[in-house]
Amino acid sequence: GLGATFRTVPMRFNENRHAFELDKEALSSALGPQTAVLIVNTPHNPSGKAFEEAELHAIADLVRSHPNLVVISDEVYKYMIF
């Protein structure tokens, strides 16, 4: 194998808003100098959570601090109209 370690960052459930949210601290902790790839999936399955603009900006800020990080963005419903 490549010697890679697979890590996941679970969403945090906000009881007051009754909604899932990005846990920025957990994502930041999961990224390190040897992190090669970040996969961003929005909306999430099965929760249907779509990242809000502020959450996407937070992800972008973290990515900018890791210049060798490759981001794979799975925006599966971007071109669908309901």
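A brief report on the enclosed structure follows. (Residues numbered from 1 in each chain as written. Predicted model: local features only at pLDDT ≥ 70, side-chain atom pairs only at ≥ 80, totals over all residues. Heavy atoms only, no water.)

Remarks on the environment of Gln34
Now for step 1: With respect to the element layout, Gln34 can be found in the loop between helix H1 (24-30) and strand E3 (37-41).
Now for step 2: A C-alpha to C-alpha distance of 22 Å links Gln34 and Leu56, two positions 22 residues apart in sequence. (Helix = DSSP H or I, 4+ residues; strand = E, 2+ residues; numbered from the N terminus.)

Description of a nonpolar patch on the surface
Now for step 1: A contiguous nonpolar patch, built from Val37, Ile39, Val70 and Ile72 and spanning about 350 Å² of accessible area, is present on the exposed surface.
Now for step 2: The set of elements that each furnish at least two residues to the nonpolar patch consists of E3 and strand E4 (70-74).
Now for step 3: Looking at the secondary structure, you find Ile39 in strand E3. (Patch = residues over 30% accessible without salt bridge, like charges linked within 9 Å, V, L, I, M, F, W, Y side chains within 5 Å. Areas by Shrake-Rupley, 256 points an atom, 1.4 Å probe, with all protein chains shown as cover. Salt bridge = Lys/Arg side-chain N within 4 Å of Asp/Glu carboxyl O.)

Concerning the environment of Thr35
Now for step 1: Its place among the elements puts Thr35 in the loop between H1 and E3.
Now for step 2: Remark: the alpha-carbon pair of Thr35 and His18, spanning 17 residues in sequence, is separated by 32 Å.
Now for step 3: Here Gly32 takes part through its backbone nitrogen, which lies 2.7 Å from a polar atom of the side chain of Thr35. (Polar contact = N/O pair within 3.5 Å; in protein donor to acceptor, adjacent residues only side chain to side chain.)

Points about unusual backbone geometry
Now for step 1: A cis amide bond, omega 0°, links Thr42 with the succeeding residue Pro43.
Now for step 2: Take Pro43: it is sitting in the loop between E3 and helix H2 (53-64).
Now for step 3: One non-glycine residue with positive phi stands out, namely His18, at about 55°.
Now for step 4: Here His18 lies in the loop between strand E1 (12-14) and strand E2 (19-21).

Section: the nonpolar core
Now for step 1: In terms of nonpolar packing, the biggest core is built from 11 residues, these being Leu22, Leu27, Leu31, Leu38, Val40, Phe51, Ala58, Ile59, Leu62, Val63 and Leu69.
Now for step 2: Listing elements by their share of this core, those giving two or more residues are E3 and H2.
Now for step 3: For this core, the element with the most residues is H2, which contributes 4 residues.
Now for step 4: In contact with Leu31, not counting residues within four places along its chain, are Leu62, His66 and Leu69. (Core = buried A, V, L, I, M, F, W, Y, C linked by side-chain atoms within 4.5 Å. Buried < 20%, exposed > 50% of the residue type's maximum accessible area, 1.4 Å probe, protein only. Contact = heavy atoms within 4.5 Å.)

Some words on the pairing of E3
Remark: a regular strand shows side chains that alternate across the two faces of the sheet.
Now for step 1: Residues Leu38 and Val40 line the buried face of E3, whereas the alternating positions Val37, Ile39 and Asn41 sit on a face that is not buried.
Now for step 2: Pairing of E3 with E4, which is carried by 5 bridges, proceeds in the parallel orientation. In the strand pairing of E4, Asn41 is matched with Asp74.
Now for step 3: Read from E3 through H2 to E4, the crossover connection turns out right-handed. (Pairing = 2+ DSSP bridges. Right-handed = clockwise from strand over helix to strand, strands pointing away.)

Here's the deal with the pattern of salt bridges
In a structure, side chains of opposite charge can pair up when their charged atoms sit close to one another.
Now for step 1: Counted by the stated rule, this structure contains 7 salt bridges.
Now for step 2: For Arg17, the salt bridge is made with Glu52, and the minimal N-O distance between the two is 2.8 Å. Of the two residues, Arg17 sits in the loop between E1 and E2 while Glu52 sits in the loop between E3 and H2, which places them 35 residues apart along the sequence.
Now for step 3: For Arg17, a relative accessible area of 45% puts it in the partly exposed group.
Now for step 4: For Arg64, the salt bridge goes to Asp61, with nearest N and O atoms at 2.6 Å. With Arg64 and Asp61 both in helix H2 and 3 residues apart, the pair spans about one turn of that helix.

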